[in-house]
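Read off the chains here:
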Amino acid sequence: DIARQEKRKCLSMPGDLQDQGFCHKLVEDAARELAALDLLVINAARQPAKKSIDDITPEQFDETVKTNLYAMFWLTKAALKHLQPGSVIINTASVVAYDPPE
């Protein structure tokens, strides 16, 4: 794998980003395992493809907001105490935000 070839450490930490406790544990475990945290990349997103807003259920909307907004907030909040001056937080957005499928 690329991380090993580059003599870097890569962690796989599966879980549910819709869960505040998991987001906190994810950051704490990563900071501990890596002995530092200077870059946080949040690349999680969810968007159900629907033809109309009327087709989106309250449950789908809740899952989308928890994944796209709450998780970003929870991960950032948990990471702040580990980040030093010069550290970076990167949030990504999907092309679906600008060009949704039909």
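Source: prediction; values computed, not measured.

Caption draft 1: Seen up close, the overall build of the protein chain. Helices and strands together make up the secondary structure of the protein chain, namely three helices and two strands. The helix and strand sequence of the protein chain, counted from the amino end, reads α-α-β-α-β. Over its C-alpha atoms the protein chain spans a radius of gyration of 16 Å, topping by over 25% the 13 Å that the globule rule assigns to 102 residues. The 102 residues of the protein chain split such that 23% are buried. In the protein chain, the proportion of contacts linking residues at least 24 apart, taken out of those at least 6 apart, comes to 62%. A total accessible area of about 7800 Å² is found for the protein chain, and carbon and sulfur atoms account for 54% of it. Considering the protein chain, the positive charge centre built from 12 side chains and the negative charge centre built from 15 side chains are found 8 Å apart.

Caption draft 2: Just helix H2 (residues 20-34), in detail. With 15 residues, H2 should reach 21 Å at 1.5 Å per residue; the first-to-last C-alpha distance of 21 Å fits that figure. Of all the residues in H2, the buried ones are Phe 22, Cys 23, Leu 26, Val 27, Asp 29, Ala 30 and Ala 31. Buried residues along H2 sit in contact with helix H3 (58-79). Sitting at the head of H2, Asp 19 places a side-chain oxygen 3.0 Å from the backbone nitrogen of Gly 21. Following H2 by one or two positions, Ala 35 adopts a phi angle in the positive range, close to 65°.

Caption draft 3: Spotlight on the packing of H2 against H3. As a packed pair, H2 and H3 sit with axes 9 Å apart at the nearest point and diverge in direction by 40°. Comparing their axes, H3 and H2 come out oblique. The way H2 lies across H3 gives a crossing that is right-handed. Here H2 contributes Gln 20, Cys 23, His 24, Leu 26, Val 27 and Glu 28 to the contact with H3, which in turn contributes Ala 71, Trp 74, Leu 75, Ala 78 and Ala 79. Within the contact of H2 with H3, the residues separate by chemical class into eight nonpolar, two polar and one charged.

Caption draft 4: How the structure looks around the pairing of strand E1 (residues 39-42). Side chains of E1 alternate between two faces, with Leu 40 and Ile 42 buried and Leu 39 and Val 41 left unburied. Following the chain from E1 across H3 to the adjacent parallel strand E2 (residues 88-91), one finds a crossover that is right-handed.

Each value, and the rule that gives it
- Residues numbered from 1 in each chain as written.
- Predicted model: local features only at pLDDT ≥ 70, side-chain atom pairs only at ≥ 80, totals over all residues.
- Heavy atoms only, no water.
- Helix = DSSP H or I, 4+ residues; strand = E, 2+ residues; numbered from the N terminus.
- Rg over C-alpha atoms; globule rule 2.2 N^0.38 Å.
- Buried < 20%, exposed > 50% of the residue type's maximum accessible area, 1.4 Å probe, protein only.
- Contact = heavy atoms within 4.5 Å.
- Areas by Shrake-Rupley, 256 points an atom, 1.4 Å probe, with all protein chains shown as cover.
- Lys, Arg positive; Asp, Glu negative; His and termini not counted.
- Charge placed at Lys NZ, Arg CZ, Asp CG, Glu CD.
- Expected span 1.5 Å × (residues − 1).
- Polar contact = N/O pair within 3.5 Å; in protein donor to acceptor, adjacent residues only side chain to side chain.
- Axes fitted to C-alpha atoms, helices over the stretch in contact; angles between N-to-C directions.
- Parallel < 35°, antiparallel > 145°, perpendicular 65-115°, else oblique.
- Left-handed = near helix turned anticlockwise from the far one by under 90°.
- Nonpolar A, V, L, I, M, F, W, Y, C, P; charged D, E, K, R; others polar.
- Right-handed = clockwise from strand over helix to strand, strands pointing away.

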